[in-house]
Amino acid sequence: MAEHTEVIDRTINTIGTDLLDTTAALETQLVSIVEAGNTESARQSIVQAYETYAESVRGTTTPLRDIAANTVENQTQAGIGSGVDTQDAVVESTLLADATGTLTETVRSHAETVSTIVVGAAITGVAVETVKNQTRAAISGVFMQTDDPVTTRLQNQLRRSKTDPSVTADELKDLVNQIKGRLPVQAVGGSLADQLVSAAEAVVMKFDGAFTVNRAKRYNIKRYEYAGGTIAKTRPWCADLDGSVLTEEEILDLWSQDWVGKSGDNPWTDRGGYNCRHYWIPIEE
(Lines give C-alpha, C1' and ligand atoms only; values in the text may rest on other atoms or scores of the structure.)
Protein backbone atom coordinates (compact mmCIF):
# COMPACT_ATOMS: atom_id res chain seq x y z
CA MET A 1 0.00 0.00 0.00
CA ALA A 2 2.90 2.35 -0.68
CA GLU A 3 0.59 4.20 -3.05
CA HIS A 4 -1.72 5.23 -0.21
CA THR A 5 1.26 6.50 1.79
CA GLU A 6 2.19 8.65 -1.19
CA VAL A 7 -1.36 10.01 -1.47
CA ILE A 8 -1.37 10.92 2.23
CA ASP A 9 2.05 12.60 2.07
CA ARG A 10 1.13 14.51 -1.09
CA THR A 11 -2.14 15.70 0.44
CA ILE A 12 -0.46 16.91 3.64
CA ASN A 13 2.22 18.71 1.64
CA THR A 14 -0.28 20.33 -0.73
CA ILE A 15 -2.57 21.57 2.02
CA GLY A 16 0.37 22.71 4.15
CA THR A 17 1.91 24.65 1.27
CA ASP A 18 -1.41 26.33 0.45
CA LEU A 19 -1.84 27.32 4.08
CA LEU A 20 1.67 28.82 4.25
CA ASP A 21 0.82 30.85 1.15
CA THR A 22 -2.27 32.08 3.00
CA THR A 23 -0.27 33.11 6.07
CA ALA A 24 2.23 34.95 3.88
CA ALA A 25 -0.59 36.95 2.28
CA LEU A 26 -2.18 37.63 5.67
CA GLU A 27 1.20 38.74 7.02
CA THR A 28 1.50 41.30 4.21
CA GLN A 29 -1.96 42.73 4.88
CA LEU A 30 -1.46 42.98 8.63
CA VAL A 31 1.86 44.76 8.19
CA SER A 32 0.07 47.30 5.99
CA ILE A 33 -2.43 47.86 8.83
CA VAL A 34 0.45 48.50 11.22
CA GLU A 35 2.01 50.96 8.76
CA ALA A 36 -1.31 52.84 8.45
CA GLY A 37 -0.99 53.72 12.14
CA ASN A 38 -4.72 54.15 12.83
CA THR A 39 -4.91 52.92 16.42
CA GLU A 40 -8.67 53.42 16.78
CA SER A 41 -9.58 51.16 13.85
CA ALA A 42 -6.62 48.76 14.09
CA ARG A 43 -8.40 46.00 16.00
CA GLN A 44 -11.41 46.04 13.70
CA SER A 45 -9.18 45.98 10.61
CA ILE A 46 -7.11 43.10 12.00
CA VAL A 47 -10.16 41.00 12.86
CA GLN A 48 -11.63 41.63 9.41
CA ALA A 49 -8.36 40.58 7.76
CA TYR A 50 -8.36 37.34 9.72
CA GLU A 51 -11.99 36.70 8.79
CA THR A 52 -11.19 37.18 5.09
CA TYR A 53 -8.29 34.77 5.20
CA ALA A 54 -10.21 32.27 7.33
CA GLU A 55 -12.71 32.03 4.49
CA SER A 56 -9.92 31.69 1.95
CA VAL A 57 -8.60 28.49 3.54
CA ARG A 58 -11.84 26.65 2.74
CA GLY A 59 -10.53 25.65 -0.68
CA THR A 60 -7.37 24.13 0.76
CA THR A 61 -9.17 20.97 1.94
CA THR A 62 -10.20 19.87 -1.59
CA PRO A 63 -7.19 17.48 -1.93
CA LEU A 64 -8.77 15.34 0.80
CA ARG A 65 -11.03 13.99 -1.95
CA ASP A 66 -7.97 12.22 -3.40
CA ILE A 67 -7.62 10.26 -0.17
CA ALA A 68 -11.27 9.20 -0.29
CA ALA A 69 -10.97 8.13 -3.94
CA ASN A 70 -7.79 6.15 -3.29
CA THR A 71 -9.35 4.49 -0.25
CA VAL A 72 -12.40 3.36 -2.23
CA GLU A 73 -10.15 2.05 -5.02
CA ASN A 74 -7.91 0.11 -2.63
CA GLN A 75 -10.82 -1.37 -0.70
CA THR A 76 -12.58 -2.38 -3.92
CA GLN A 77 -9.43 -4.13 -5.18
CA ALA A 78 -9.24 -5.95 -1.83
CA GLY A 79 -12.80 -7.23 -2.28
CA ILE A 80 -14.45 -4.74 0.05
CA GLY A 81 -17.44 -3.27 -1.78
CA SER A 82 -17.63 -2.70 -5.52
CA GLY A 83 -16.72 0.92 -6.04
CA VAL A 84 -18.30 4.10 -4.68
CA ASP A 85 -21.45 3.34 -2.66
CA THR A 86 -24.31 5.64 -1.68
CA GLN A 87 -22.79 6.57 1.67
CA ASP A 88 -19.30 7.43 0.47
CA ALA A 89 -20.24 10.90 -0.80
CA VAL A 90 -22.14 11.68 2.42
CA VAL A 91 -19.23 10.65 4.65
CA GLU A 92 -16.71 12.49 2.47
CA SER A 93 -18.78 15.70 2.56
CA THR A 94 -19.20 15.49 6.35
CA LEU A 95 -15.48 14.96 6.93
CA LEU A 96 -14.53 17.74 4.50
CA ALA A 97 -16.75 20.16 6.41
CA ASP A 98 -15.15 19.07 9.69
CA ALA A 99 -11.62 19.55 8.30
CA THR A 100 -12.52 22.95 6.87
CA GLY A 101 -14.01 24.02 10.20
CA THR A 102 -10.80 23.06 12.02
CA LEU A 103 -8.63 25.15 9.69
CA THR A 104 -10.89 28.21 9.56
CA GLU A 105 -11.23 28.31 13.34
CA THR A 106 -7.46 27.98 13.71
CA VAL A 107 -7.11 31.18 11.68
CA ARG A 108 -9.92 33.07 13.44
CA SER A 109 -8.71 32.20 16.94
CA HIS A 110 -5.34 33.81 16.23
CA ALA A 111 -6.73 37.29 15.59
CA GLU A 112 -6.57 38.33 19.24
CA THR A 113 -2.84 37.55 19.39
CA VAL A 114 -1.95 40.13 16.74
CA SER A 115 -4.60 42.62 17.88
CA THR A 116 -2.99 42.69 21.32
CA ILE A 117 0.49 43.18 19.85
CA VAL A 118 -0.51 46.00 17.50
CA VAL A 119 -2.88 47.97 19.74
CA GLY A 120 -0.70 47.62 22.84
CA ALA A 121 2.41 48.69 20.96
CA ALA A 122 0.68 51.70 19.42
CA ILE A 123 -0.57 52.93 22.78
CA THR A 124 2.82 52.53 24.47
CA GLY A 125 4.78 54.07 21.61
CA VAL A 126 6.75 51.07 20.38
CA ALA A 127 8.54 51.79 17.09
CA VAL A 128 6.55 50.88 13.98
CA GLU A 129 9.38 48.77 12.53
CA THR A 130 9.51 46.72 15.73
CA VAL A 131 5.74 46.16 15.67
CA LYS A 132 5.91 45.09 12.03
CA ASN A 133 8.54 42.47 12.85
CA GLN A 134 6.59 41.27 15.90
CA THR A 135 3.51 40.92 13.71
CA ARG A 136 5.43 39.00 11.06
CA ALA A 137 6.82 36.63 13.69
CA ALA A 138 3.37 36.06 15.24
CA ILE A 139 1.92 35.15 11.85
CA SER A 140 4.69 33.28 10.08
CA GLY A 141 7.25 32.42 12.77
CA VAL A 142 10.53 31.30 11.22
CA PHE A 143 8.93 31.71 7.79
CA MET A 144 8.38 35.45 8.28
CA GLN A 145 9.15 37.57 5.21
CA THR A 146 12.66 38.98 5.05
CA ASP A 147 14.91 40.83 2.63
CA ASP A 148 17.92 38.74 3.63
CA PRO A 149 18.65 36.23 0.80
CA VAL A 150 20.53 33.85 3.09
CA THR A 151 17.56 33.63 5.47
CA THR A 152 15.21 33.11 2.54
CA ARG A 153 17.39 30.26 1.28
CA LEU A 154 17.36 28.63 4.71
CA GLN A 155 13.57 29.04 4.92
CA ASN A 156 13.14 27.30 1.57
CA GLN A 157 15.45 24.53 2.71
CA LEU A 158 13.38 24.13 5.87
CA ARG A 159 10.14 23.87 3.87
CA ARG A 160 11.62 21.07 1.77
CA SER A 161 13.13 19.31 4.77
CA LYS A 162 9.84 19.22 6.67
CA THR A 163 8.40 16.92 4.00
CA ASP A 164 11.52 14.77 3.61
CA PRO A 165 11.31 11.63 5.80
CA SER A 166 15.09 11.16 5.61
CA VAL A 167 15.72 14.44 7.48
CA THR A 168 16.13 13.86 11.21
CA ALA A 169 14.59 15.91 14.01
CA ASP A 170 18.05 17.22 14.97
CA GLU A 171 18.67 18.42 11.41
CA LEU A 172 15.34 20.24 11.37
CA LYS A 173 16.12 21.82 14.72
CA ASP A 174 19.50 23.01 13.44
CA LEU A 175 17.87 24.66 10.41
CA VAL A 176 15.30 26.39 12.61
CA ASN A 177 18.00 27.71 14.92
CA GLN A 178 20.01 29.04 11.99
CA ILE A 179 16.97 30.95 10.74
CA LYS A 180 16.11 32.29 14.21
CA GLY A 181 19.63 33.60 14.56
CA ARG A 182 19.22 35.74 11.46
CA LEU A 183 15.76 37.18 12.12
CA PRO A 184 15.28 40.73 13.47
CA VAL A 185 12.93 39.51 16.20
CA GLN A 186 12.70 36.34 18.25
CA ALA A 187 10.44 33.89 16.38
CA VAL A 188 8.98 31.70 19.10
CA GLY A 189 6.79 28.66 18.59
CA GLY A 190 3.05 29.00 18.33
CA SER A 191 2.89 31.23 15.26
CA LEU A 192 -0.18 30.94 13.06
CA ALA A 193 1.97 29.17 10.45
CA ASP A 194 3.06 26.58 13.04
CA GLN A 195 -0.54 26.01 14.10
CA LEU A 196 -1.81 25.64 10.55
CA VAL A 197 0.94 23.25 9.42
CA SER A 198 0.23 21.08 12.46
CA ALA A 199 -3.52 21.30 11.83
CA ALA A 200 -3.02 20.31 8.17
CA GLU A 201 -1.41 17.03 9.13
CA ALA A 202 -4.01 16.40 11.82
CA VAL A 203 -7.03 16.95 9.57
CA VAL A 204 -5.57 14.80 6.78
CA MET A 205 -4.88 11.86 9.08
CA LYS A 206 -8.23 12.22 10.84
CA PHE A 207 -10.02 12.29 7.48
CA ASP A 208 -8.14 9.22 6.27
CA GLY A 209 -8.80 7.20 9.40
CA ALA A 210 -12.46 8.14 9.73
CA PHE A 211 -13.31 7.61 6.05
CA THR A 212 -11.41 4.31 5.84
CA VAL A 213 -12.88 2.72 8.94
CA ASN A 214 -16.41 4.07 8.42
CA ARG A 215 -16.49 2.43 5.00
CA ALA A 216 -14.90 -0.81 6.20
CA LYS A 217 -17.37 -1.16 9.05
CA ARG A 218 -20.28 -0.76 6.62
CA TYR A 219 -18.93 -3.92 4.96
CA ASN A 220 -18.51 -5.70 8.31
CA ILE A 221 -14.71 -5.77 8.28
CA LYS A 222 -13.24 -6.88 11.61
CA ARG A 223 -9.49 -6.98 10.95
CA TYR A 224 -7.08 -4.17 10.08
CA GLU A 225 -3.38 -3.78 9.30
CA TYR A 226 -1.47 -0.94 10.99
CA ALA A 227 0.47 0.39 8.00
CA GLY A 228 2.68 3.28 6.93
CA GLY A 229 6.22 2.07 7.51
CA THR A 230 8.80 3.69 9.79
CA ILE A 231 11.16 6.66 9.54
CA ALA A 232 13.77 8.16 11.85
CA LYS A 233 11.11 10.09 13.76
CA THR A 234 8.72 7.13 14.27
CA ARG A 235 8.01 6.57 17.96
CA PRO A 236 9.02 3.10 19.24
CA TRP A 237 5.44 2.10 20.03
CA CYS A 238 4.38 2.67 16.42
CA ALA A 239 7.51 1.01 15.03
CA ASP A 240 6.77 -2.15 17.00
CA LEU A 241 3.16 -2.21 15.78
CA ASP A 242 3.88 -1.36 12.13
CA GLY A 243 2.65 -4.11 9.78
CA SER A 244 0.62 -5.89 12.46
CA VAL A 245 -2.82 -7.29 11.61
CA LEU A 246 -5.27 -6.93 14.49
CA THR A 247 -8.91 -7.62 15.16
CA GLU A 248 -11.13 -4.71 16.14
CA GLU A 249 -11.27 -6.09 19.69
CA GLU A 250 -7.46 -6.27 19.90
CA ILE A 251 -7.18 -2.71 18.59
CA LEU A 252 -9.58 -1.30 21.15
CA ASP A 253 -7.75 -3.15 23.92
CA LEU A 254 -4.37 -1.78 22.79
CA TRP A 255 -5.66 1.80 22.64
CA SER A 256 -6.92 1.57 26.22
CA GLN A 257 -3.25 1.51 27.25
CA ASP A 258 -0.78 4.41 27.48
CA TRP A 259 2.46 5.18 25.66
CA VAL A 260 4.72 8.17 25.04
CA GLY A 261 3.11 10.55 22.53
CA LYS A 262 -0.42 9.18 22.80
CA SER A 263 -2.99 11.87 21.93
CA GLY A 264 -6.35 10.17 22.39
CA ASP A 265 -8.24 6.90 22.81
CA ASN A 266 -9.79 6.65 19.32
CA PRO A 267 -7.51 4.23 17.43
CA TRP A 268 -9.07 5.05 14.06
CA THR A 269 -8.38 8.80 14.10
CA ASP A 270 -5.71 9.24 16.81
CA ARG A 271 -3.58 6.25 15.72
CA GLY A 272 -0.14 6.40 17.40
CA GLY A 273 -0.49 9.97 18.64
CA TYR A 274 0.84 13.39 17.70
CA ASN A 275 2.34 13.61 14.19
CA CYS A 276 1.68 9.92 13.53
CA ARG A 277 1.26 9.06 9.85
CA HIS A 278 0.32 5.42 10.25
CA TYR A 279 -3.04 4.40 8.83
CA TRP A 280 -5.40 1.44 8.79
CA ILE A 281 -5.85 -1.06 5.96
CA PRO A 282 -9.06 -3.13 6.24
CA ILE A 283 -8.45 -6.85 5.74
CA GLU A 284 -11.17 -8.92 4.07
CA GLU A 285 -11.71 -12.29 5.76
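A short tour of the structure in this document, coming up. Once a new chain begins, its residue numbering starts again from 1 and follows that chain's sequence as written. It should be noted that, the model being predicted, local features are given only for residues of pLDDT at least 70 and side-chain atom pairs only at 80 or more, the latter also being counted only at that level, while totals for whole chains, interfaces and linings use all residues. As a rule here, side-chain values cover all heavy atoms of the structure and leave hydrogens and water aside.

Structural notes on the pattern of salt bridges
Next up, step 1: In what follows, salt bridge is the name for a side-chain nitrogen of Lys or Arg lying within 4 Å of a carboxyl oxygen of Asp or Glu. The full count for this structure, using the stated rule, is 19 salt bridges.
Next up, step 2: Here Asp88 and Arg218 are joined by a salt bridge, their closest N and O atoms 2.7 Å apart. With Asp88 in helix H4 (residues 88-108) and Arg218 in helix H9 (residues 192-218), the pair connects residues that are 130 residues apart, well separated along the chain.
Next up, step 3: Between buried and exposed lies partly exposed: a residue is buried under 20% and exposed over 50% of the maximum accessible area for its type, with that area taken using a 1.4 Å probe on protein chains only. Judged by relative accessible area, Asp88 falls into the buried class, the value being 3%.
Next up, step 4: A relative accessible area of 28% places Arg218 in the partly exposed class. Helix and strand assignments come from DSSP, with helices taken as H or I runs of at least 4 residues and strands as E runs of at least 2, each series counted from the N terminus.

Topic: the side chain of Ser115
Next up, step 1: By the secondary structure assignment, Ser115 is in helix H5 (residues 111-124).
Next up, step 2: We classify Ser115 as buried; its relative accessible area is 0%.
Next up, step 3: Sequence-distant contacts of Ser115, defined by excluding residues within four places in its chain, comprise Arg43, Ile46, Val47 and Gly120. Contacts were defined at the residue level, with two residues in contact if any of their heavy atoms lie within 4.5 Å.

Details of unusual backbone geometry
Next up, step 1: Not every positive phi belongs to a glycine, and Asn220 is a case in point at roughly 60 degrees.
Next up, step 2: Classification of Asn220 by relative accessible area gives exposed; the value is 59%.
Next up, step 3: The phi dihedral of Arg271 is positive, around 50 degrees, even though this residue is not glycine.
Next up, step 4: Tracing the chain through its elements places Arg271 in the loop between helix H12 (267-270) and strand E3 (279-283).
Next up, step 5: Since its relative accessible area comes to 5%, Arg271 is described here as buried.

What to know about the nonpolar core
Next up, step 1: Note on terminology: a nonpolar core comprises buried Ala, Val, Leu, Ile, Met, Phe, Trp, Tyr and Cys residues joined through side-chain atoms within 4.5 Å. Membership of the largest hydrophobic core comes to 47 residues, with the highest contact counts inside it found for Leu30, Tyr50 and Val204.
Next up, step 2: When residues of this core are assigned to their parent elements, the largest contribution, 10 residues, is made by H9.
Next up, step 3: Aside from chain neighbours lying at most four places away, what touches Leu30 is Ile46, Ala49, Tyr50, Val114, Thr135 and Ile139.
Next up, step 4: Residues Ile80, Cys238, Leu254 and Trp259 belong to the second largest nonpolar core, which totals 17 residues.

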